[in-house]
Amino acid sequence: MKGAALFETMTRQVDAERESNRAAAAAEGSAIAADARARGSAGRDATLKTTDTEMAMLDERARQKASAEAARADLSMKNDVVLEALSKIQGEIARIAASDAFPGILETLLAQVMEVVEGEEGIVVLAPDKHVDSVRAWLAANGHADTPVDPSSEVATGVAVQDPGRTWRVSNTLHGRYTRAEQQARRVCMTSLFGRSSAEERA
């Protein structure tokens, strides 16, 4: 009898210990699962947050790129329009140089350049081929009859004066005057056609 009772007692203790171990294992498993779920949720939230941030950055980058491309296209279009307008000025200069009004303009340009080089000796005047005779006539009428005049295609829209050794030259042509004022003309044309830029308005 005592052996049976001892066996039953040991059996109950083993069963109790097994149940205790099972409960502890179950509790630990639940804790691990809960921790895994928490970690998974936190990781998912962090991943979503990172993804949202990256998407926002990509959207902003795309917006900036589109804005820059639009600005470049707008500026390119405006420059094309301005260049077309300025090319018409060049055409108008050529038209004036070929017109009947040009000899009078040429005399004014000649008077201006001769005033600049007044006092210089041994000078040579360069004039358009077809206006050499009229330039000589003006020089003779204004006290410079001995000044030689050479035809030159380089001064098709005006005149120039240089020393015989060609170490210096003073030009006074319609084309040269326009070239010196071209940048200002470009700004005026841009403003007239498209208004002031935001940068100019802030200045």
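Higher on the page you've got the structure.
Thresholds, definitions, all that
- Residues numbered from 1 in each chain as written.
- Predicted model: local features only at pLDDT ≥ 70, side-chain atom pairs only at ≥ 80, totals over all residues.
- Heavy atoms only, no water.
- Helix = DSSP H or I, 4+ residues; strand = E, 2+ residues; numbered from the N terminus.
- Buried < 20%, exposed > 50% of the residue type's maximum accessible area, 1.4 Å probe, protein only.
- Contact = heavy atoms within 4.5 Å.
- Areas by Shrake-Rupley, 256 points an atom, 1.4 Å probe, with all protein chains shown as cover.
- Pairing = 2+ DSSP bridges.
- Axes fitted to C-alpha atoms, helices over the stretch in contact; angles between N-to-C directions.
- Expected span 1.5 Å × (residues − 1).
- Arc of directions from axis to C-beta.
- Salt bridge = Lys/Arg side-chain N within 4 Å of Asp/Glu carboxyl O.
- Core = buried A, V, L, I, M, F, W, Y, C linked by side-chain atoms within 4.5 Å.
- 1 Å grid on protein atoms, 1.4 Å probe; cavity = no way out; pocket = protein on both sides within 12 Å on 5 of 7 lines; lining within 4 Å.
- Points joined across faces, edges and corners; volume = space filled by probe spheres on them.
- Nonpolar A, V, L, I, M, F, W, Y, C, P; charged D, E, K, R; others polar.
- Bend = angle between axes of the 7 residues up to and from the residue.

## What to know about the overall build of the chain
Item 1. Helix and strand counts for the chain come out as 5 helices and 4 strands.
Item 2. The order of helices and strands in the chain, counted from the N terminus, is α-α-β-α-β-β-β-α-α.
Item 3. Classification of the 203 residues of the chain by burial places 20% in the buried group.
Item 4. For the chain, restricting intrachain contacts to residue pairs at least 6 apart in sequence, the fraction spanning at least 24 positions comes to 70%.
Item 5. With an accessible surface of roughly 14300 Å², the chain has 56% of that area assigned to carbon and sulfur atoms.

## Brief notes about the pairing of strand E4 (residues 169-173)
Item 1. By the bridge criterion, 5 bridges tie strand E3 (residues 158-162) to E4 in an arrangement that is antiparallel. Paired with Ala160 across the strands is Ser171, a residue of E4.

## What about the sheet that holds strand E2 (residues 149-151)?
Item 1. Taken together, the 4 strands give an open sheet; going across it, the order is E2-E1-E3-E4, and neighbouring strands pair in mixed fashion. Taken across any chain shown, the strands that pair with only one partner, and hence form the sheet edges, are E2 and E4. For this sheet the average axis-to-axis angle between neighbouring strands, irrespective of direction, equals 20°.
Item 2. In this sheet, E2 lies alongside strand E1 (residues 124-127) in parallel orientation, the contact comprising 3 bridges.

## What about helix H2 (residues 102-116)?
The periodicity of an α-helix, 3.6 residues per turn, causes residues three or four places apart in sequence to face the same way.
Item 1. Helix length check: H2, at 15 residues, gives a terminal C-alpha distance of 21 Å against a target of 21 Å (1.5 Å per residue), a fit within 8%.
Item 2. All of the buried residues in H2 are Phe102, Leu106, Leu109, Leu110, Val113 and Met114. The arc that holds the buried residues of H2, viewed along the axis, is 130°, so those residues lie on one side.

## Here's the deal with the pattern of salt bridges
Item 1. Summed over the entire model, instances satisfying the criterion amount to 3 salt bridges.
Item 2. A salt bridge links Asp133 to Arg136; its shortest N-O distance comes to 3.6 Å. A residue pair is termed a helical-turn pair when its members lie 3 or 4 positions apart in one helix, as Asp133 and Arg136 do in helix H3 (residues 132-141) at 3 residues.
Item 3. When its relative accessible area of 42% is taken as the criterion, Arg136 is described as partly exposed.

## Considering the nonpolar core
In a soluble, globular protein the nonpolar side chains are often hidden away together inside.
Item 1. In this structure, Leu110, Met114, Val125, Val135 and Leu139 are the most contacted members of the largest nonpolar core, which totals 25 residues.
Item 2. Secondary structure elements with two or more residues in this core: helix H1 (2-97), H2, E1, H3, E3 and helix H4 (174-194).
Item 3. It is H2 that provides the largest number of residues to this core, a total of 6 residues.
Item 4. Filtering out sequence-adjacent residues up to four positions away, Val135 remains in contact with Leu106, Leu110, Val125, Ala127, Val149 and Val159.

## Some thoughts on empty space enclosed by the protein
Item 1. Counted according to the given criterion, the structure contains 1 cavity of 30 Å³ or more.
Item 2. Here the largest cavity defines a volume of roughly 40 Å³.
Item 3. Lining of the largest cavity is provided by Pro103, Leu106, Glu107, Leu110, Ser134, Val135 and Trp138.
Item 4. Those elements giving two or more residues to the lining of the largest cavity turn out to be H2 and H3.
Item 5. If one sorts the elements of the lining of the largest cavity by residue count, H2 sits on top with 4 residues.
Item 6. Taken together, the residues of the lining of the largest cavity break down into 5 nonpolar, 1 polar and 1 charged.

## Concerning H4
Item 1. The largest bend in H4 amounts to roughly 55° and is located at Glu182.
Item 2. Those residues of H4 lying buried are Leu174, Gly176, Tyr178, Cys189 and Met190.
Item 3. Among the residues trailing H4, Gly195 stands out with phi positive, at a value near 80°.

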